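Each chain is listed here by its residues.
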Amino acid sequence: MKEYKRYTITTALPYANGPIHIGHLAGVYIPADIYVRYLRKMGRDVLFIGGSDEHGVPITIKARQQNISPQDIVDKYHGIIKKSFEDLGISFDVYSRTSLPIHHETASAFFTKLHNEDKLTQMESEQYYDEDAKQFLADRYITGTCPHCGYEKAYGDQCEKCGTSLSANDLIEPRSALSGNIPVKKATSHWFLPLDQYETWLKEWIIEGHKEWKTNVYGQCKSWLDQGLHPRAVTRDLDWGVNVPLPDSDGKVLYVWFDAPIGYISASRDWAQQTGKSWEEYWKSDDSRLIHFIGKDNIVFHCIIFPSMLKAEGSYILPENVPANEFLNLEGDKISTSRNWAVWLHEYLEDFPGKQDVLRYVLTANAPETKDNDFTWKDFQARNNNELAAIFGNFVNRTMVLTHKYFEGKVPVNTLPAELDDILKEIGLLNEKISHSIEHFRFREALAFFMDIARLGNKYLTEKEPWKVFPNDPEAVKGILNNALQITANLAVLSEIFLPETARKLKAMLNMGNTDWSNAGKSILVENHPLNQPQILFEKVEDTDVQKQVEKLEQSKKDNLASAASFEPLKPDVAFDDFAKVDLRVGKILEAEKVAKTKKLMKLSVDLGFEVRTIVSGVSEYFTPEQLIGKKVVVVANLGKRDIKGIESNGMILYAENADGTLLLVSPVDEAMSGGLVK
RNA sequence: GGCGGGGUAGCUCAGGUGGUUAGAGCGACGGAUUCAUAACCCGUAGGUCACGAGUUCAACUCUCGUCCCCGCUACCA
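Reading guide: rules and limits
- Residues numbered from 1 in each chain as written.
- Chains lettered and ligands numbered in written order.
- Predicted model: local features only at pLDDT ≥ 70, side-chain atom pairs only at ≥ 80, totals over all residues.
- Heavy atoms only, no water.
- Axes fitted to C-alpha atoms, helices over the stretch in contact; angles between N-to-C directions.
- Helix = DSSP H or I, 4+ residues; strand = E, 2+ residues; numbered from the N terminus.
- Parallel < 35°, antiparallel > 145°, perpendicular 65-115°, else oblique.
- Left-handed = near helix turned anticlockwise from the far one by under 90°.
- Contact = heavy atoms within 4.5 Å.
- Nonpolar A, V, L, I, M, F, W, Y, C, P; charged D, E, K, R; others polar.
- Phe/Tyr/Trp six-rings, centres within 6.5 Å; stacked < 30°, edge-to-face > 60°.
- Buried < 20%, exposed > 50% of the residue type's maximum accessible area, 1.4 Å probe, protein only.
- Lys NZ or Arg CZ within 6 Å of the ring centre and 35° of its normal.
- pLDDT = per-residue confidence, 0-100.
- Expected span 1.5 Å × (residues − 1).
- Domains from an automatic or database assignment.
- Buried area = accessible area lost by both parts, 1.4 Å probe.
- Salt bridge = Lys/Arg side-chain N within 4 Å of Asp/Glu carboxyl O.
- Polar contact = N/O pair within 3.5 Å; in protein donor to acceptor, adjacent residues only side chain to side chain.

Notes on the packing of helix H4 (residues 101-116) against helix H7 (residues 256-275)
Phase 1: In the contact formed by H4 and H7, the axes pass within 8 Å of each other and the chain directions differ by 125°. Relative to H7, the element H4 lies oblique. Seen from above, H4 lies across H7 with right-handed handedness. Touching Ile102, His103, Glu105, Thr106, Ala107, Phe110, Phe111 and Leu114 of H4 are Phe258, Asp259, Ile262, Gly263, Ile265, Ser266, Arg269, Asp270 and Gln273, all from H7.
Phase 2: Across the contact of H4 with H7, the residue classes tally to eight nonpolar, five polar and four charged.

This is the structure:
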């Protein structure tokens, strides 16, 4: 295996439009922090990078909603995020942000170099433009009727009602979110990264060269590469972001996906500036190992797009591994910022003061390394009470209490060196396993091996029964407790990787200084070394504590239901003449069949009395053909024809929608004539 | 529909290139113990390894098909 002189570790830049939640932690920051702490303990040279991603459309929208500037938004969340990371003890060397001048410079320079070397292509396209606001509209800034579910306030990129992803061109009756005007189409010019040109190289680099990547990561990359890559726009029309450093490009900024990963480099420069050190060797030297910690939603950016950017630029190293995790669910439901279905880090730290390590432990033990996982408060409580407190905390406590009881809190002489050898051998073995697991990004497994050391300690004490031996053979008890203390000291050393706050407390109790990994598996405390008073490492988490958290979540659920049950606002009035233009007819469904190779489409034959029409409708998720055949429905008959998946569809069928988005037939109650007007 | 990932004890997960009684932690149950945060320690029970075929002397592990969950993607007038 290649020898690396230094490590460049990046963590996905959290988007600064909301705080950090447990999903972020379990997927990215805690595993990265464990990895980095491990590397440092091994004496390796590490640069650990984090920062806020502060550009992009959602932030500008949030700012508009609150009538403040985008900078105000990112200042607020960057502050919350940065502080909560510090409080949890994520050991970033630098936590930077993309609104800093140094980032704008870095991203501009990156773009300029690609541009000057003809690595980008320019293309024109038609985009919606707001003539009042005099600017092009991002998809997010266009609202209109969702063509799928009819929701009137769908965004240009996604309908929040039915969850379908859209393009602004799909929207019916598009409106500018800025002025409410009807936007016009206007030509605009943008720069693209021709990803297709990197396809061959990427295949070789990943498919051939990185078979060791996690299966979920490797498979996802293969899927993308097999589907074929297309040029991707690097710039867009927006006024919030890194300005495109070219003449005549007012109102254009770098697309956020392009500037965000460059943020890793900017953060490194930021760090170098603050510390007076050099950043370039971490990014441009072949003996540096670049690793991106991310969630699975980011795989394509870090495995396909960013490497292509780096390759195009030419002077940077490429990621050596991208250990992406899957997602963490919460009490059975997907974590959602907008639905407030989350455990927010800054709130957790307030609700559970001093329990940073409990969260670290639970999220590591239950990390979604190979598949999506579920966080429950019940599990949180069980892990704390049955594992941290009962096994780890309890072993430390019984060792300390016994030592104070029998030997005035001083490390007794080791009268049983042979037993110590056996113990240290076992710990040494576990150390190796921990190392091996961490090197392979298997943090759950590593943590389990770590806990085995505490188990080993409990077992030793129980078997040796020093409290029974003491009256007859105090000399033997000296050896037993010395051994138990050496185990405790080893726990103190190793816990720095997983549970830094606990390590601090433990070392204070043991009155020991800093140690590195080379001490692990050795006898650490010397004879007569004075110990401090024991303190409880892990308090029990009571039923009422978790009860409160569950109630908090239930309240979120109620709030969501309440808002979901609210009625859509009325549309603006229309003239009767406009309404009369719509030709609604009664139709009878004669035939219905699912359109092959689609998820939603149903092909219908509808009898309008005077003719039988083919209509394609996106309702396979709600009806089976049998439920539709023979039913009378209301048809919009004068919409014109449209080609859908190669079928000519002539008309549209109306449905009623329930609060949960399900569709119901709209049908005449009494026997109605096919082809009759609905008016 | 296509592609990728996953479906193993109540829960969370291990199970290189197929090979004797499928493992661990937690939970449950029983025992032992009292130094300790009623904790620790020992033991027991729990699995048709999603389902159905096939290849093989032998499949959780390979092949094919089906179902379910997650993600990406096409489609919704």
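Regarding the packing of aromatic side chains
Centre-to-centre distance and the angle between the planes together describe a pair of aromatic rings.
Phase 1: As enumerated under the stated definition, the model contains 37 aromatic pairs in all.
Phase 2: Geometrically, the ring pair formed by Trp257 and Phe258 is edge-to-face, given 5.9 Å between the ring centres and 85° between the ring planes.
Phase 3: According to the relative accessible area criterion, Trp257 is buried, its value standing at 8%.
Phase 4: Taking relative accessible area as the criterion, Phe258 reaches 0% and is therefore assigned buried.
Phase 5: Centroid distance Phe392 to Phe538: 5.7 Å. Interplanar angle 50°. Geometry classified as tilted. Of this pair, Phe392 sits in helix H12 (residues 377-407) while Phe538 sits in the loop between helix H17 (500-510) and helix H18 (543-565); the two residues are 146 residues apart in sequence, bridging distant segments of the chain.
Phase 6: Residue classification places Phe392 among the buried positions, given a relative accessible area of 0%.
Phase 7: Note that Arg232 overlies the ring of Trp257, its terminal NZ or CZ placed 5.1 Å from the centroid.
Phase 8: The ring of Tyr316 has Lys284 sitting right over it, with the charged end atom 4.7 Å from the ring centre.

Things to note about the confidence of the model for chain A
Phase 1: For chain A, per-residue confidence averages 87 on the pLDDT scale, and residues scoring 70 or more make up 90% of the total.
Phase 2: Confidence over residues 161-165 falls short of pLDDT 50; this stretch has 14 contacts with residues more than four positions distant or in other chains.
Phase 3: With a pTM of 0.84, the predicted complex shows an ipTM of 0.90.

Description of helix H6 (residues 215-227)
Phase 1: The terminal C-alpha atoms of H6 lie 18 Å apart, and with 13 residues this matches the ideal 18 Å at 1.5 Å per residue to within 8%.
Phase 2: Of the residues making up H6, those classed as buried are Asn216, Val217, Tyr218, Cys221 and Leu225.
Phase 3: In the core, the buried residues of H6 are packed alongside helix H5 (199-208) and helix H9 (299-313).
Phase 4: Note on H6: the residue one or two positions beyond its end, Gly228, has a positive phi of about 90°.

Remarks on the packing of helix H1 (residues 22-41) against helix H11 (residues 356-365)
Phase 1: Across the interface, H1 lies against H11 with an axial gap of 9 Å and an inter-helix angle of 100°. As judged from the angle between their axes, H1 and H11 are roughly perpendicular. Within the contact between the two elements, H1 uses Ile22, Leu25, Ala26, Ile30, Asp33, Ile34 and Arg37 and H11 uses Leu359, Arg360, Leu363 and Thr364.
Phase 2: Residues that form the contact of H1 with H11 fall into these classes: seven nonpolar, one polar and three charged.

Comments concerning the domain arrangement of chain A
Size of an interface, as often reported, equals the accessible area lost when the parts are brought together.
Phase 1: Examined at the domain level, chain A breaks down into domain 1 (6-112 + 255-330), domain 2 (118-237), domain 3 (376-519) and domain 4 (576-665).
Phase 2: Look at where the C-alpha atoms of domain 1 and domain 3 centre, and you get two points 36 Å apart.
Phase 3: At the junction of the two partners, domain 1 supplies 12 residues and domain 3 supplies 13 residues.
Phase 4: Carbon and sulfur atoms supply 69% of the area buried between domain 1 and domain 3, which totals about 1300 Å² over both sides.
Phase 5: Three residues, Ile34, Tyr38 and Lys41, lead the burial of domain 1 against domain 3; their summed loss comes to 52% of the area buried on that side.
Phase 6: Here domain 1 is connected to domain 3 by two salt bridges.
Phase 7: Taken together, the links from domain 1 to domain 3 amount to five residue pairs in polar contact (both at pLDDT 80 or more).

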